[in-house]
Amino acid sequence: MPRSLDELLAHAGELADKFERYEPREADRGEPAMMALHRAAHRSLLVERELADAVRNAPAAGASWSRIGAALDTFGEAARQRYRSKVEA
């Protein structure tokens, strides 16, 4: 179920609020694997938000898309295509 970065970021706040308000039910107590999954998904969303912010700030600080791509372990053009809308927003 692939999602775009925009979709992930749009739901990050909602999911974080839901996570913070969550109170385990008795039926949930026997599901540590699912709780671990929820925690990992929450952390993933936070990291995606932080990464998008860092990429947004990099060109303003003078970094080229080539350097940004290298930092992301990809090509500059791939990084530009993925994050351009975040930088121009």
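Residues numbered from 1 in each chain as written. Predicted model: local features only at pLDDT ≥ 70, side-chain atom pairs only at ≥ 80, totals over all residues. Heavy atoms only, no water.

Caption draft 1: Structural context of the overall build of the protein. The number of helices and strands found in the protein is four helices and zero strands. Starting at the N terminus, the α and β elements of the protein follow one another as α-α-α-α. Relative to the 2.2 N^0.38 estimate, which gives 12 Å for 89 residues, the radius of gyration of the protein is 17 Å and therefore markedly larger than a compact globule would have. Taken along the three principal axes of its C-alpha coordinates, the protein extends 50 × 25 × 20 Å. (Helix = DSSP H or I, 4+ residues; strand = E, 2+ residues; numbered from the N terminus. Rg over C-alpha atoms; globule rule 2.2 N^0.38 Å.)

Caption draft 2: Here's a closer look at the environment of alanine 16. On the secondary structure map, alanine 16 appears in helix H1 (residues 5-21). Looking at alanine 16, the relative accessible area reads 18%, which means it is buried. Sequence separation of alanine 16 and histidine 42 is 26 residues, and the distance between their C-alpha atoms is 6.6 Å. (Buried < 20%, exposed > 50% of the residue type's maximum accessible area, 1.4 Å probe, protein only.)

Caption draft 3: Quick peek at the side chain of histidine 42. With respect to the helices, strands and loops of the structure, histidine 42 is situated in helix H2 (residues 32-60). A relative accessible area of 14% means that histidine 42 is categorised as buried. The contacts of histidine 42, once residues within four sequence positions are left out, are Ala16 and Phe19. (Contact = heavy atoms within 4.5 Å.)

Caption draft 4: A look at the packing of H1 against H2. Look at H1 against H2: their axes get within 9 Å of each other, and the N-to-C directions meet at 130°. Relative to H2, the element H1 is oriented oblique. Of the two possible hands of crossing, H1 and H2 adopt the one that is left-handed. For the pair formed by H1 and H2, the contact residues are Leu5, Leu8, Leu9, Ala12, Gly13, Leu15, Ala16 and Phe19 on the first element and Arg39, His42, Leu45, Glu48, Arg49 and Ala52 on the second. (Axes fitted to C-alpha atoms, helices over the stretch in contact; angles between N-to-C directions. Parallel < 35°, antiparallel > 145°, perpendicular 65-115°, else oblique. Left-handed = near helix turned anticlockwise from the far one by under 90°.)

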